[in-house]
Amino acid sequence: MAGNSSIEWTEATWNPVTGCNKVSDGCKHCYAERMAKRLHAMGNPRYENEFNVTLHHDLIDAPKKWVKPKKIFVNSMSDLFHEQIPSEFIQQVFKTMNETPQHSYQVLTKRPERAVDLSDRLNFTPNIWMGTSVENVKVINRIELLKQVPAKVRFLSCEPLLGPLDDLNLTRIHWVIVGGESGPGARPMEADWVRSIRDQCQTQKVAFFFKQWGGVQKHRYGRELDNRTYDEYPNEILAY
């Protein structure tokens, strides 16, 4: 529920909430849902409710025990701005993030409209990076919503990338992650879709991180794009 992570762009995960539901095309083969069902079958008490939204109050303070600074992906097994999560609980999660400035928190949501609605009740300290998922043009409006959130660092996760995303306006966006879908039923990603986003990031001076090509067996395809890896992170000093 809280600990080191193998996700390429973070160092640890923290899940004070588990469970979610599908809201767009990128959710079709949700890795978190598959994992939750597996953990439920194994008898893990955290997943007694399988993938239904569940609050874990005892984990709210977990990052306070981590002295060494970490990049922490918040709710890798849920969405902090899910409509079933009480605003008071979200405020408690933010309070922990506010009180642990040694960490950088990566909050990724498919519901940026709720983040906007709650933003006047939340303290977006500089260590909170706020991101949204943009898997295809159907959800391109999430970018403009994200820009309304008063975070010091804003980022896009274009994973799984399911179609071309050309002519992106990356003003006030500081970081873009791109990755192909992995696991059973993985949908293909075209190299030119990735190159287009990379080139747009370079032109607009936005950090670009290429996570993976994906596939049913993602390890077979690696994460090189045009014979190199892209592991760029946002420059927090210039992100103000």
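Residues numbered from 1 in each chain as written. Predicted model: local features only at pLDDT ≥ 70, side-chain atom pairs only at ≥ 80, totals over all residues. Heavy atoms only, no water.

**So, the layout of surface pockets**
Then step 1. The computed volume of the largest pocket comes to approximately 1200 Å³.
Then step 2. Only strand E1 (2-4), helix H1 (31-41), strand E6 (104-109) and strand E10 (207-212) provide two or more residues apiece to the lining of the largest pocket.
Then step 3. The dominant element in the lining of the largest pocket, judged by the number of residues it contributes, is H1, at seven residues.
Then step 4. Taken together, the residues of the lining of the largest pocket sort by class into 18 nonpolar, 19 polar and 12 charged. (1 Å grid on protein atoms, 1.4 Å probe; cavity = no way out; pocket = protein on both sides within 12 Å on 5 of 7 lines; lining within 4 Å. Points joined across faces, edges and corners; volume = space filled by probe spheres on them. Helix = DSSP H or I, 4+ residues; strand = E, 2+ residues; numbered from the N terminus. Nonpolar A, V, L, I, M, F, W, Y, C, P; charged D, E, K, R; others polar.)

**Quick word on the packing of aromatic side chains**
Then step 1. Scanning all chains against the criterion turns up 13 aromatic pairs.
Then step 2. Centroid distance Trp 175 to Phe 209: 6.3 Å. Interplanar angle 90°. Geometry classified as edge-to-face. Residue Trp 175 is located in strand E9 (residues 175-179), and its partner Phe 209 is located in strand E10; the two are separated by 34 residues in the primary sequence. In this structure, Trp 175 and Phe 209 share a single accessibility class: buried.
Then step 3. Look at Phe 210 and Trp 213: their rings are 4.9 Å apart centre to centre, the planes differ by 75°, and that puts the pair in the edge-to-face class.
Then step 4. Here Trp 213 falls in the partly exposed class, since its relative accessible area comes to 21%.
Then step 5. Cation over ring: Lys 71 sits above Tyr 233, and NZ or CZ is 4.6 Å from the ring centre.
Then step 6. Here the guanidinium or amino end of Arg 228 rests over the ring plane of Tyr 230, the centre of that ring lying 3.8 Å away. (Phe/Tyr/Trp six-rings, centres within 6.5 Å; stacked < 30°, edge-to-face > 60°. Buried < 20%, exposed > 50% of the residue type's maximum accessible area, 1.4 Å probe, protein only. Lys NZ or Arg CZ within 6 Å of the ring centre and 35° of its normal.)

**Focus on H1**
Within an α-helix, residues lying three or four positions from one another point in the same direction, as the helix has 3.6 residues per turn.
Then step 1. For H1, the set of buried residues is Ala 32, Glu 33, Ala 36 and Leu 39. Down the axis of H1, the sector holding all buried residues measures 130°, keeping them to one side.
Then step 2. After H1 finishes, the residue Gly 43 shows a positive phi value of roughly 85°. (Arc of directions from axis to C-beta.)

**Comments concerning the pairing of E10**
Then step 1. Burial of E10 is extensive: six of the six residues sit out of reach of the surface.
Then step 2. Two elements, E9 and E10, share five bridges in a ladder whose sense is parallel. Looking at the pairing, Val 176 lines up with Phe 208 of E10. (Pairing = 2+ DSSP bridges.)

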